[in-house]
Amino acid sequence: MPVDVESDRWARSSRVDTLEVEIERFLRARSEMAYTPAEITESLVETTPEVFPDALLAEDDAVSASRIVLVACRLEKLAWHERLKVHSLDGTLYYTDCEGGQFPVAEVERNIPQRFIAVEQRIEELDTELDRLLHALQALDEELPDNADLQ
């Protein structure tokens, strides 16, 4: 069911972004080890359950899987932005802290759209100029007599 973003319920709700912060804290405090999403999730449920919506705190296999998916999504985002390292060992992904990440992908995500905006604006300017020139040529063609030789 959708929630009105202008409602008090929305304003009082907790932000899921705290989950990302707690994942980074967890990995930074244990930088000598690498963990699976399930291991990270289990630890967060025990130490900081408030990072999960109340509906995801029940002890149920489906709910547990939902928590792991939520953590895995944040882990992939953090890995994409090179804020942590990920390795596959025996078909299982393990995550660990990445001190001094460079964030090159985050920079690309910021800069590329700006470049496209500039290109789109230039195309619009050229399109406007082309329209102006076409109208000028049409007006000139209409002013010339039918038998005028333009060569």
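Along each chain, the written sequence defines residue order, and numbers are assigned to residues from 1. Predicted model: local features are reported for residues with pLDDT of at least 70 only, side-chain atom pairs are reported and counted for 80 or more only, and whole-chain, interface and lining totals are derived from all residues. Values shown for side chains rest on all heavy atoms present in the structure; no hydrogens or waters enter the calculation.

Caption draft 1: Representation of the overall build of the protein in the model. Counting from the N terminus, the helices are DSSP H or I runs at least four residues long and the strands are E runs at least two residues long. When helices and strands are tallied, the protein shows five helices and two strands. Sequence-ordered secondary structure for the protein, helices as α and strands as β, is α-α-α-α-β-β-α. Per-residue accessibility, obtained with a 1.4 Å probe over protein chains only, is compared with the maximum for each type, and a residue is labelled buried under 20%, exposed over 50%, and partly exposed between these values. Taken across its 151 residues, the protein has 23% of its residues classed as buried. Residue exposure ignores everything except the shown protein chains as possible cover, and the areas themselves are Shrake-Rupley values with a 1.4 Å probe. Summed over all atoms, the accessible surface of the protein reaches about 11,600 Å², with 53% contributed by carbon and sulfur.

Caption draft 2: Structural context of the packing of aromatic side chains. Aromatic pairs are defined between Phe, Tyr and Trp rings, using the six-membered ring for Trp, whenever the two ring centres lie within 6.5 Å; interplanar angles under 30 degrees are classed as stacked, those over 60 as edge-to-face, and all others as tilted. All told, the structure shown has one aromatic pair when counted by the stated rule. Centroid distance phenylalanine 26 to tyrosine 35: 4.9 Å. Interplanar angle 65°. Geometry classified as edge-to-face. Its relative accessible area of 6% is what places phenylalanine 26 among the buried residues. By relative accessible area, tyrosine 35 is classed as buried at 16%.

Caption draft 3: Looking closely at the layout of surface pockets. Cavities and pockets were defined on a 1 Å grid built from protein atoms only: a cavity is a group of points that admits a 1.4 Å probe but offers it no way out, a pocket is an open group of points flanked by protein on both sides within 12 Å along at least five of seven lines, and a lining residue is one with an atom within 4 Å of any such point. Grid points are joined across faces, edges and corners, and a volume is the space filled by probe spheres set on the points. A volume near 180 Å³ is recorded for the largest pocket. Met1, Val3, Arg9, Trp10 and Ser13 together form the lining of the largest pocket. Here the term charged refers only to Asp, Glu, Lys and Arg, the term nonpolar to Ala, Val, Leu, Ile, Met, Phe, Trp, Tyr, Cys and Pro, and the term polar to all other amino acids, Gly among them. Its residues placed into classes, the lining of the largest pocket shows three nonpolar, one polar and one charged.

Caption draft 4: Looking closely at the nonpolar core. Grouped together as the largest cluster of nonpolar side chains are 18 residues, with contacts concentrated most on Ile23, Leu27, Ile40, Phe52, Val71 and Leu75. Elements supplying a minimum of two residues to this core: α2 (17-29), α3 (37-47) and α4 (61-80). When residues in this core are grouped by element, the largest group, five residues, is from α4. By definition, residues are in contact when any of their heavy atoms lie within 4.5 Å. Phenylalanine 52 has contacts with Leu19, Thr41, Leu44, Val45, Leu57, Arg67, Leu70 and Val71, leaving out every residue within four places of it along the chain. In this text, buried Ala, Val, Leu, Ile, Met, Phe, Trp, Tyr and Cys residues form a nonpolar core when linked through side-chain atoms within 4.5 Å.

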